[in-house]
Amino acid sequence: MDSRKVILLVGALIVAAVTAFMARTLIMGSSAPQASAIPGDPAMVPQGPKVLVATRALPVGTIIDPGAVKFQPWPAELVEGAYFQEGAEFDMKSVIGTVVRNPITAGQPVTQGALVKPGDRGFLAAALGPGMRAVTVPVSTQSSVAGFVFPGDRIDLLLTQEVQGGGDGPPLKAAETIMRNLRVLATDQRTNQEKDEAGNTVVRTFSTVTIEATPKIAEEIAVAQTLGSISLSLRSIADNAAELEQAIASGAVKVPDGTDPKAERAMMLQLASAPQTGNATYAVGADVSRFQRRTVPGRAEQPASFAPGPGAGMPATSYPGAPARVSGPVVRIARGNTVTEVPVGGKN
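Residues numbered from 1 in each chain as written. Predicted model: local features only at pLDDT ≥ 70, side-chain atom pairs only at ≥ 80, totals over all residues. Heavy atoms only, no water.

Trainee: Even after reading the chapter, I still don't get the overall build of the protein, so can you show me in this structure?
Mentor: Scanning the protein for helices and strands turns up 6 helices and 14 strands. The 348 residues of the protein split such that 28% are buried. The contacts in the protein between residues at least 6 apart in sequence include a share of 65% that link residues at least 24 apart. Taken as a whole, the protein presents about 22,600 Å² of accessible surface, with 57% of it coming from carbon and sulfur. (Helix = DSSP H or I, 4+ residues; strand = E, 2+ residues; numbered from the N terminus. Buried < 20%, exposed > 50% of the residue type's maximum accessible area, 1.4 Å probe, protein only. Contact = heavy atoms within 4.5 Å. Areas by Shrake-Rupley, 256 points an atom, 1.4 Å probe, with all protein chains shown as cover.)

Trainee: Explanation requested: the pairing of strand S1 (residues 50-54) in the structure shown.
Mentor: A regular strand places its side chains so that they alternate between the two faces of the sheet. Within S1, 4 of the 5 residues are buried, leaving the element largely enclosed by the surrounding structure. The pairing of S1 with strand S2 (residues 69-73) spans 5 bridges and is classified as antiparallel. The residue of S2 that forms the bridge with Ala-54 is Val-69. (Pairing = 2+ DSSP bridges.)

Trainee: I'm lost on unusual backbone geometry in this one. Help?
Mentor: Leaving glycine out, the prevailing phi sign among residues is negative, and the prevailing peptide bond configuration is trans. Non-glycine residue Asn-181 carries a positive phi angle of around 60°. With respect to the helices and strands, Asn-181 occurs in strand S7 (residues 172-187). With a relative accessible area of 0%, Asn-181 lands in the buried category.

Trainee: Quick question: what am I supposed to make of the confidence of the model for the protein here?
Mentor: As a note on interpretation, predicted positions should not be read in detail where pLDDT is low. Chain-level statistics for the protein give a pLDDT mean of 77 and a share of 72% at 70 or above. The model gives residues 305-324 a pLDDT under 50, and that stretch makes 38 contacts with residues more than four places away or in other chains. (pLDDT = per-residue confidence, 0-100.)

Trainee: When you look at the nonpolar core in this model, what are you seeing that I'm missing?
Mentor: Buried together is how nonpolar side chains tend to be arranged in soluble globular proteins. Ranked by size, the top nonpolar core spans 21 residues in total, and within it Val-137, Ile-155, Leu-157, Leu-182, Val-209, Ile-211 and Ile-221 carry the most contacts. Of all the elements in the fold, those that place two or more residues in this core are strand S5 (133-138), strand S6 (154-163), S7, strand S8 (208-213), helix H3 (215-227) and strand S9 (229-234). Each residue touching Leu-157, except ones within four places of it in the same chain, is listed here: Glu-176, Thr-177, Ile-178, Met-179, Leu-182, Ile-211, Ile-221, Ile-230, Ser-231 and Leu-232. Grouped together as the second largest cluster of nonpolar side chains are 15 residues, Leu-52, Ile-64, Phe-84 and Phe-90 included. (Core = buried A, V, L, I, M, F, W, Y, C linked by side-chain atoms within 4.5 Å.)

Trainee: Would you mind going over the pattern of salt bridges with me for this structure?
Mentor: Taken as a whole and assessed by the stated rule, the structure comprises 5 salt bridges. A salt bridge links Arg-56 to Asp-65; its shortest N-O distance comes to 3.3 Å. Note on Asp-65: relative accessible area 30%, which makes it partly exposed. Linking Arg-183 and Glu-212 is a salt bridge whose minimum nitrogen-to-oxygen distance equals 3.2 Å. Taken as a pair, Arg-183 in strand S7 and Glu-212 in strand S8 lie far apart in primary sequence, 29 residues in all. Judged on exposure class, the residue Arg-183 and its partner Glu-212 are both buried. (Salt bridge = Lys/Arg side-chain N within 4 Å of Asp/Glu carboxyl O.)

Trainee: I tried to follow the packing of aromatic side chains on my own but got confused; where do I start?
Mentor: How two aromatic rings sit relative to each other is given by the distance of their centres and the angle of their planes. Under the defined criterion, the tally for this structure stands at 2 aromatic pairs. On the basis of an interplanar angle of 90° and a centroid distance of 5.4 Å, the ring pair of Phe-71 and Phe-90 is categorised as edge-to-face. Of this pair, Phe-71 sits in strand S2 while Phe-90 is found in the loop between S2 and strand S3 (99-100), placing the two residues 19 residues apart along the sequence. Feature note: the residues Phe-71, Phe-84 and Phe-90 constitute an aromatic cluster, connected by ring pairs. (Phe/Tyr/Trp six-rings, centres within 6.5 Å; stacked < 30°, edge-to-face > 60°.)

Trainee: Whenever I open this one, the pairing of S6 confuses me. Can you help?
Mentor: By the bridge criterion, 9 bridges tie S6 to S7 in an arrangement that is antiparallel. In the strand pairing of S7, Thr-160 is matched with Ala-175. Judged from the 6 bridges that link them, S6 and S9 form a sheet pairing that is antiparallel. The residue of S9 that forms the bridge with Asp-156 is Ser-233.

Trainee: So what exactly am I meant to see when it comes to the side chain of Thr-62 here?
Mentor: For Thr-62, the position within the fold is in the loop between S1 and S2. Within the structure, Thr-62 has its side chain in polar contact with the backbone oxygen of Pro-59 (distance 2.8 Å). Every residue in contact with Thr-62, bar those within four places of it in the chain, is listed here: Thr-98, Val-99 and Val-100. (Polar contact = N/O pair within 3.5 Å; in protein donor to acceptor, adjacent residues only side chain to side chain.)

Trainee: Is there a simple way to think about H3 in this case?
Mentor: For H3, with 13 residues, the first-to-last C-alpha span of 19 Å sits near the 18 Å given by 1.5 Å per residue. Among the residues of H3, Ile-217, Ala-218, Ile-221 and Ala-224 are the ones counted as buried. Down the axis, H3 shows its buried residues gathered within 120° of arc, on one side only. Every exposed residue of H3 that faces more than 90 degrees away from the buried side is listed here: Lys-216, Glu-219 and Thr-226. Taken together, the buried residues of H3 touch S5, S6, S7, S8, S9 and strand S10 (276-277). (Expected span 1.5 Å × (residues − 1). Arc of directions from axis to C-beta.)

Trainee: Any chance you could explain the environment of Gln-47 here in plain terms?
Mentor: Along the chain, the position of Gln-47 falls in the loop between helix H1 (3-29) and S1. In this structure the C-alpha to C-alpha distance between Gln-47 and Trp-74, which are 27 residues apart in sequence, comes to 6.9 Å.

Trainee: Please explain the side chain of Thr-98 as it appears in this structure.
Mentor: Residue placement: Thr-98 occurs in the loop between S2 and S3. We classify Thr-98 as buried; its relative accessible area is 1%. In terms of polar contacts, Thr-98 uses its side chain to reach the backbone carbonyl oxygen of Val-95, at 2.6 Å. Setting aside residues up to four positions removed in sequence, Thr-98 forms contacts with Thr-62, Ile-63, Ile-64, Leu-115, Val-116, Lys-117 and Pro-118.

So this is what it looks like as structure tokens:
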């Protein structure tokens with residue numbers, strides 16, 4: 001065989017072997033290329049002034065807190081005069097504590113007309129949800145969690161009272177949770193959290209608290225104030241998640257069909273914003289001290305006793321309820337609910 005043909009054949013075999021090896025490496029053992037982030041184009045970032053936008057969805061009646069809004073760059077050609085712009089003339093304190101009058105979506109600029117400031121006409125009405133009422137409850141320093149309740153918090157209401165009953169002995173002392181998950185609208189005349197120069201929250205005691213309630217709960221609160229003293233119990237944010245299963249089981253909240261995240265968020269929002277009443281838990285004096293009562297004092301029996309003597313004139317015995325047990329002929333005289341038995345004498 002010609003040496004030239006042999007060299008060409010060997011070269012072709014080497015090329016084929018290298019090609020097959022490279023193809024096998026790409027198919028079997030080659031790792032996927034790592035994606036690398038492309039630096040953002042500065043031209044894509046808005047170069048206009050910073051305007052105030054919502055960090056989350058703000059429905060009607062939301063009380064603005066520091067975490068609800070932030071400044072964000074906005075295209076200069078889209079900035080309107082109603083927007084809040086960052087600058088020396090703007091004070092964030094003028095926005096904190098205001099109430100949303102029109103719904104604002106997450107990332108949307110906050111306009112001046114969408115907020116109602118404390119003291120403005122219709123402020124409290126704007127803070128109320130549809131079909132809700134505002135109720136003011138008098139409290140003391142001890143019953144108001146020492147001032148650590150602020151507008152926008154969720155609280156429970158506790159009723160403490162004494163039940164006298166109809167018998168002797170000390171009354172029954174009892175406390176029960178009568179309402180749950182009520183939103184605080186204002187404490188005294190304040191509707192926002194005060195800050196000092198260092199930015200820390202100022203804790204002040206207050207004598208009244210205004211809460212949001214349904215018309216039925218508002219009636220129950222009015223009656224509860226005549227029964228005893230009312231105390232506030234501050235709720236944890238995690239309590240709503242813990243009560244979700246109970247609300248679903250009782251039928252108070254309907255689980256949406258499918259896996260729509262918007263429907264699930266609406267369900268959670270309904271649970272988080274709904275005041276609750278009924279199924280009250282309670283504690284009585286005996287739960288705290290062995291020297292206190294566990295039940296209401298019952299009506300004590302008052303048996304009549306007299307010793308019939310000679311002659312006719314015997315003392316009369318009367319008390320509300322059943323007639324007294326006497327011996328011998330008697331005359332029963334009824335005056336309303338009072339029955340009087342008068343012995344008429346004679347031999348026993």
